[in-house]
Amino acid sequence: MGAVQLTLGGLSVLLGIVAWGMFAATITRFVRVIRLGQPDSTRNGPFVPRLKNLVKEFAAHTRMNKVRKVGWAHWLVMWGFLIGSLALFEAYGEVFVPNWGWPILDDFAPFQLLMELLGVGTIVGILWLIAIRQRNHPRRADRQSRFQGSNFKWAYFIEAVVLVEGIGIIGVRAAKAALGAHETPLWAAFVSNPLGELLPASPNLVSVFAFVKLMSATIWLIVVARTMTMGIAWHRFSAFFNIYFKREDDGGVALGALKPMMSKGKVLDLEEADPDEDTFGVGKIEDFSWKGWLDFSTCTECGRCQSQCPAWNTGKPLSPKLVITQLRDHAYAKAPYLLAGGKRDMAGDEVGLSGENMYAGIDVLAIAESQKALVGDDGGVIDPDVLWSCTSCGACVEQCPVDIEHVDHIVDMRRYQVMIESAFPSELNGMFKNLENKGNPWGQNAKDRLAWTEDLDFEVPVFDGDLGEAEYLFWVGCAGAFEDRAKKTTRAVAELLHMAGVKYVVLGSEETCTGDPARRAGNEFLFQMLAQQNVEVLNSVFEGRERKARKVVVTCAHCFNTLANEYPELGGQFDVVHHTQLLNRLVREKHLVPVAPVAEDVTYHDPCYLGRHNKVYDAPRELVGATGASLREMPRHGDRSMCCGAGGARMWMEEKIGKRINVERVDEALGTAPSKIATGCPFCRVMLNDGLTARQSDGQASEKVEVLDVAQLLLNAVKRRPATQPVPMGAPSLEEG
């Protein structure tokens, strides 16, 4: 052990003690800070399913591989960090004793191969990721870059450290090979052995390479320990917990049902809630649950959410990534004040601290941060235009590789703004009043809910107190009952069900809005009022029927999601199917037989609340194929489909900033050169139709292109069926007879 080894080794140990001490102290502080969030016991179990999902997501990189060109490289870097830690700690021995290695493992060729692969994989993986970042740098594509708004200094620092670590692993191995420190076959050291032949046999060289490797890690530890908001570094640790504690214990993402409004770790009962004691949504950063704080801490600023966000892609100020990073920066800036016991009431007055010098010892920046409004256009953390631009489409949640729950956080902030601050877009006033007074967003009279049945050449059965032999309750929905274009879908579905011999009833004037637009807009009280009313009606309709026989078919994707996923929380257990699912089954079972092929090119738009929120992708497409039409997919389809712009109650809000989302989506649809644009949701149909009309008026779309529901497409294909009587379900079809 020479002077070089003693000097470099001594420095490594001394600086290592400092770095690891700082790192451990920061971990402790992390736990304290995250616990500032509200309790949430829903994340506690079950243990085995959550653990299985955690292992699957990180080991197989299931979510990271949604972008395949990135997934494999990140997988290499991840394992290089996890298992490569063995090489890092081995360096503490190598810097003192150049030929030192792990006992037993050092002479085990497969282990040497593993270390070789980790070193090479880390270098190759990080170089590929560096190239991707530069290729997608915002200087090249302005807003279209998913890295727009990310912290590039942090990214470059992390990339440099990872690259040095990879080079350090191979460098030490090559220098040891030159020294002849161990006999490693070429197949287990296919890079380091050849490199070793080019290097001098020097113990000092091994120590230098080991020192460089240790210093890069040491500097990394010191920097990240001092920068708690560096999610691109801290996600290496917090992502495991964030994935384990995700909302859905079955591994699903936080879509479908919204997270219930909670206070003090329990679902809030609005009838017993106390505004002075309970939290109504999120009005301050400390109102978020601890899982929310963990979400903020875990964001890697990769921008996948941003790249998929319809608002961001049409010039709106909303970026899901920036919402999370702004909340993160605010949370950690305010944390010293909160940790000291600080608390402000709704008027902004201090109620947590007292005394003449109550702020003594608290960072002045933390005190200033505590005075910021969470949402506000005058120095607020989140601008109102950002908050209300969200369509709740869920594209951000679907794409996030570390399971951040953007939509739940945005709606929680909306809840506070609506129910406590009464601060929301003025257009929503009319919608709220219509829902409260008329039971539908359009303010139509309940007696007109059956107007769509006029002029049909068969009688639509209306529930009269007894379901009788009816198999399904046909939930028409507000759009299907009152909106002229959506009525065509309702009529088509009713006609197809009649032709197929499906026995069903409708509620007529007894039906009211499911409450979806109220809930997504943050008016939880109004949602629960409508939902409880509907649950009571539906339970009375299905009284005496077992769970699997309480069948509901719906044409609206939003009604589908609410009835299937949110009503169970309120005691409404029903077997809900979307009309495309039921019609597809009827076609497969030959209760409906297309005889007049639709020989046209059709593109299909996935409704967010049917596709992404509920994973119904195949049934509508199979129906399009059954009609004889040629399906042309848009570039963004399936779980990457772009929103029409109507979700999140945006249907009733003016779109004043940037390009209209529905026009952007129509432009994409027209790019497939279709004669028809099909969808499976009345909201989508209205928005796409409006966008198409705009493009037709400015001469950018043919007058022959039309928007219609998949049900209408199917009806066109079966309407010439030569049958005088409907065929009951279970009876043989014409071909079978």
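Everything that follows concerns the structure shown earlier in this document.
Residues numbered from 1 in each chain as written. Predicted model: local features only at pLDDT ≥ 70, side-chain atom pairs only at ≥ 80, totals over all residues. Heavy atoms only, no water.

## Describing the pairing of strand β5 (residues 551–554)
As paired elements, strand β3 (residues 472–475) and β5 share four bridges and run parallel to each other. When the sheet's bridge partners are listed, Phe474 is paired in β5 with Val553. When β5 meets strand β6 (residues 575–578), the two strands line up parallel, connected through four bridges. What sits directly across from Val553, in β6, is Val577. Viewed along the sheet, the connection from β5 through helix α23 (residues 557–566) into β6 turns out right-handed. (Pairing = 2+ DSSP bridges. Helix = DSSP H or I, 4+ residues; strand = E, 2+ residues; numbered from the N terminus. Right-handed = clockwise from strand over helix to strand, strands pointing away.)

## Observations concerning the packing of aromatic side chains
In total, this model carries 30 aromatic pairs according to the counting rule given. With 5.9 Å between their ring centres and 85° between their planes, Trp20 and Phe23 make a pair best called edge-to-face. Remark: Phe23 and Trp20 occur in helix α1 (residues 3–34); sequence separation between them is three residues, near one turn of the helix. Since its relative accessible area comes to 9%, Phe23 is described here as buried. Summarising the aromatic geometry, the rings of Trp652 and Phe683 are spaced 5.5 Å apart at their centres and angled 80° between planes, so their arrangement reads as edge-to-face. Residue Trp652 is found in the loop between β8 (630–631) and α26 (661–670), and its partner Phe683 is found in helix α27 (residues 682–697); the two are separated by 31 residues along the sequence. Both residues of the pair, Trp652 and Phe683, belong to the buried class. Taken together, Trp20, Phe23, Phe30, Phe81, Phe89, Tyr92, Trp220, Trp234, Phe237 and Tyr332 form an aromatic cluster joined through their ring pairs. In this structure, Arg236 is placed above the aromatic ring of Phe81, and the distance from its NZ or CZ to the ring centre is 4.3 Å. (Phe/Tyr/Trp six-rings, centres within 6.5 Å; stacked < 30°, edge-to-face > 60°. Buried < 20%, exposed > 50% of the residue type's maximum accessible area, 1.4 Å probe, protein only. Lys NZ or Arg CZ within 6 Å of the ring centre and 35° of its normal.)

## Remarks on the packing of α1 against helix α11 (residues 290–298)
Between α1 and α11, the shortest axis-to-axis distance is 9 Å and the interhelical angle comes to 135°. Put simply, α1 runs oblique to α11. Contact residues: Phe30, Val33 and Ile34 in α1; Trp290, Trp293, Leu294 and Ser297 in α11. In the contact of α1 with α11, the residues fall into six nonpolar, one polar and no charged. (Axes fitted to C-alpha atoms, helices over the stretch in contact; angles between N-to-C directions. Parallel < 35°, antiparallel > 145°, perpendicular 65-115°, else oblique. Contact = heavy atoms within 4.5 Å. Nonpolar A, V, L, I, M, F, W, Y, C, P; charged D, E, K, R; others polar.)

## Re the sheet that holds strand β4 (residues 504–505)
Strand order in the open sheet formed by four strands is β4-β3-β5-β6, and the pairing between neighbours is parallel. Each end of this open sheet is capped by a strand with a single partner; those strands are β4 and β6. The strands touched by helix α24 (residues 579–588) are β3, β5 and β6; relative to β6, the strand with the most contacts, the crossing angle is about 80°.

## Observations regarding the pairing of strand β7 (residues 601–604)
Where β7 lies against β8, two bridges are found, and the strand directions are parallel. Residue Asp601 lies in a different strand from β8, and its bridge partner there is Ser630. Viewed along the sheet, the connection from β7 through helix α25 (residues 618–626) into β8 turns out right-handed.

## Quick notes on the nonpolar core
Of all hydrophobic cores here, the largest spans 168 residues; its most connected members are Leu327 and Met413. No other element matches helix α13 (residues 320–339), which puts nine residues into this core. When near neighbours in sequence (up to four residues on either side) are disregarded, Met413 contacts Val282, Phe288, Val323, Leu327, Leu374, Val375, Ile382 and Leu387. If you look at the next biggest cluster of nonpolar residues, it comprises twelve residues, including Leu88, Val95, Ala210 and Ala217. (Core = buried A, V, L, I, M, F, W, Y, C linked by side-chain atoms within 4.5 Å.)

## Looking at the pattern of salt bridges
Going through the model one piece at a time under the given rule, you end up with 49 salt bridges. The partner of Glu369 in a salt bridge is Lys372, with the nearest N and O atoms 3.4 Å apart. Linking Arg621 and Glu633 is a salt bridge whose minimum nitrogen-to-oxygen distance equals 2.6 Å. Of the two residues, Arg621 is situated in helix α25 and Glu633 in the loop between β8 and α26; the sequence distance between them amounts to twelve residues. (Salt bridge = Lys/Arg side-chain N within 4 Å of Asp/Glu carboxyl O.)

## Description of a positive patch on the surface
Side chains of Lys69, Arg135, Arg139 and Arg140 sit close together on the surface and give a patch of like positive charge. Relative to the helices and strands, Arg135 is located in helix α5 (residues 109–135). Overall, Arg135 belongs to the exposed group, its relative accessible area being 65%. (Patch = residues over 30% accessible without salt bridge, like charges linked within 9 Å, V, L, I, M, F, W, Y side chains within 5 Å. Areas by Shrake-Rupley, 256 points an atom, 1.4 Å probe, with all protein chains shown as cover. Lys, Arg positive; Asp, Glu negative; His and termini not counted. Charge placed at Lys NZ, Arg CZ, Asp CG, Glu CD.)

## Some details on the sheet that holds strand β9 (residues 676–679)
Spatially, four strands are ordered β8-β7-β9-β10 in an open sheet, and the strand pairing comes out parallel. With one partner strand each, in any of the chains shown, β8 and β10 (706–709) form the two edges of the open sheet. Pairing geometry for β9 and β10, over four bridges, is parallel. Counterpart to Ile677 in the pairing with β10 is Val707.

## Section: the layout of surface pockets
Each pocket or cavity is described by its volume, and for the largest pocket that value is around 530 Å³. Lining the largest pocket are 20 residues, and of these Asp276, Glu277, Thr279, Lys284 and Lys343 lie nearest its centre. In terms of residue class, the lining of the largest pocket is built from six nonpolar, four polar and ten charged. (1 Å grid on protein atoms, 1.4 Å probe; cavity = no way out; pocket = protein on both sides within 12 Å on 5 of 7 lines; lining within 4 Å. Points joined across faces, edges and corners; volume = space filled by probe spheres on them.)

## With respect to helix α10 (residues 231–244)
The sharpest bend along α10 comes to roughly 60°, located at Phe237. Among the 14 residues that make up α10, eleven are buried, leaving the element largely enclosed by the rest of the structure. Within the span of α10, buried status applies to Gly231, Ile232, Ala233, Trp234, His235, Arg236, Ser238, Ala239, Asn242, Ile243 and Tyr244. (Bend = angle between axes of the 7 residues up to and from the residue.)

## A closer look at empty space enclosed by the protein
Within this structure, the stated rule accounts for 14 cavities of 30 Å³ or more. The computed volume of the largest cavity comes to approximately 690 Å³. Lining the largest cavity are 34 residues, with Met64, His74, Leu129, His235 and Thr300 positioned closest to its centre. Elements with a minimum of two residues in the lining of the largest cavity: α2 (47–59), α3 (68–82), α5, α7 (152–179) and α10. There is about 140 Å³ of room inside the second largest cavity. Lining of the second largest cavity is provided by 16 residues; of these, Lys259, Met262, Asp287, Ser289 and Asp412 occupy positions nearest its centre. Looking at the lining of the second largest cavity residue by residue, the class counts come to four nonpolar, seven polar and five charged.

## A closer look at unusual backbone geometry
At the junction of Gly45 and Pro46, the peptide bond is cis and its omega measures out at 0° in the coordinates. Here the phi dihedral of His61 falls at roughly 55°; this positive angle occurs in a residue that is not glycine. Secondary-structure assignment places His61 in the loop between α2 and α3. Here the phi dihedral of Lys615 falls at roughly 60°; this positive angle occurs in a residue that is not glycine. Along the chain, Lys615 falls in the loop between β7 and α25. The class of Lys615 is partly exposed, set by a relative accessible area of 44%.

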